[in-house]
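Structure at a glance
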Amino acid sequence: MFEERTIGVLHKRIISTVITRMDERRAAYFGRVVDRLEQDLRTDLYPNLPILVLKETVEVLPTYLDPGIVVNHLFQFLNTDKDILTRVIHGAQYTADNTVLAPYCASFVENIIRDTLSSVDATEEDNNGRTEYHLAWPIAPDDFPYADTENEEDKD
């Protein structure tokens, strides 16, 4: 019993710095994801990998799926990519810069986004074909998919 609580505390410490930088809603959501993860017996198969992957991805993951679904996606990802992830975290480069893990987690992020979008598509059908889009402010200019050419035309 003591060992389980120690592992939980260590895991929370690994990811807590990232979660505390988030807004309240995102922090609460990913707190629930971490809580769900800690209760999952599959964490025994991968002692640190699930938390390390979450640490590298929580800032870009959408927050619309049930935390249990996110945890299931995480373990599906670990089942297929655990060997390469293990090599990365045990490599010298990871010791110097732990952000080198993030590119290897892209397929996990893509799966979460794909599942989120498929649930949005199902919701769209429920709304008689109406689509609803939400944007948050501030938008980083490089992240927004459209160029603002109005200001350039006014300069002429």
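To keep things clear, this report deals only with the structure shown in the data block. Position numbers for residues start from 1 in each chain and track the written sequence from start to end. The predicted nature of this model means local features are confined to residues of pLDDT at least 70 and side-chain atom pairs, given and counted, to a pLDDT of 80 or more, with totals for whole chains, interfaces and linings taken over all residues. The basis for every side-chain value is the complete set of heavy atoms in the structure, and neither hydrogens nor water enter the calculation.

A closer look at the packing of helix α2 (residues 24-39) against helix α3 (residues 49-57)
Relative orientation of the contacting elements α2 and α3 amounts to 165 degrees, with a least axis distance of 11 Å. Comparing their axes, α3 and α2 come out roughly antiparallel. Considering how the two elements wind past one another, α2 and α3 form a crossing that is right-handed. Residues Val33, Val34 and Leu37 of α2 touch α3, and the partners they reach there are Pro50, Ile51 and Leu54. All amino acids are sorted into three groups, where Ala, Val, Leu, Ile, Met, Phe, Trp, Tyr, Cys and Pro are nonpolar, Asp, Glu, Lys and Arg are charged, and the leftover types, Gly among them, are polar. Looking at the contact of α2 with α3 residue by residue, the class counts come to 6 nonpolar, no polar and no charged. In this analysis, axes come from line fits to C-alpha atoms, helices being fitted only over the stretch in contact, and the angle between any two N-to-C directions falls in the range 0 to 180 degrees. The helix and strand labels rest on DSSP assignments: H or I over at least four residues marks a helix, E over at least two residues marks a strand, and numbering proceeds from the N terminus. Note on angle classes: values under 35 degrees are labelled roughly parallel, values over 145 roughly antiparallel, values of 65 to 115 roughly perpendicular, and the remainder oblique. A clockwise turn of the near helix away from the far one marks a right-handed crossing, whereas an anticlockwise turn of less than a right angle marks a left-handed crossing. Between two residues, a contact is recorded if the distance between any of their heavy atoms is within 4.5 Å.

With respect to α2
Over its 16 residues, α2 runs 23 Å from end to end, which matches the ideal 22 Å to within 8%, given 1.5 Å per residue. Listing the buried residues of α2 in full gives Arg26, Ala27, Tyr29, Phe30, Val33, Val34 and Leu37. When α2 is viewed along its axis, its buried side chains cluster within an angular range of 165 degrees and face the same direction. Opposite the packed face of α2, turned more than 90 degrees from it, sit the exposed residues Glu24, Arg25 and Gln39. Expected span, for any helix, means 1.5 Å times one less than how many residues it has. For every residue, the accessible area obtained with a 1.4 Å probe (protein chains only) is divided by the maximum for its type, and the residue is called buried under 20%, exposed over 50%, and partly exposed between those limits. The arc in question is the one traced by the directions running from the helix axis out to the C-beta atoms.

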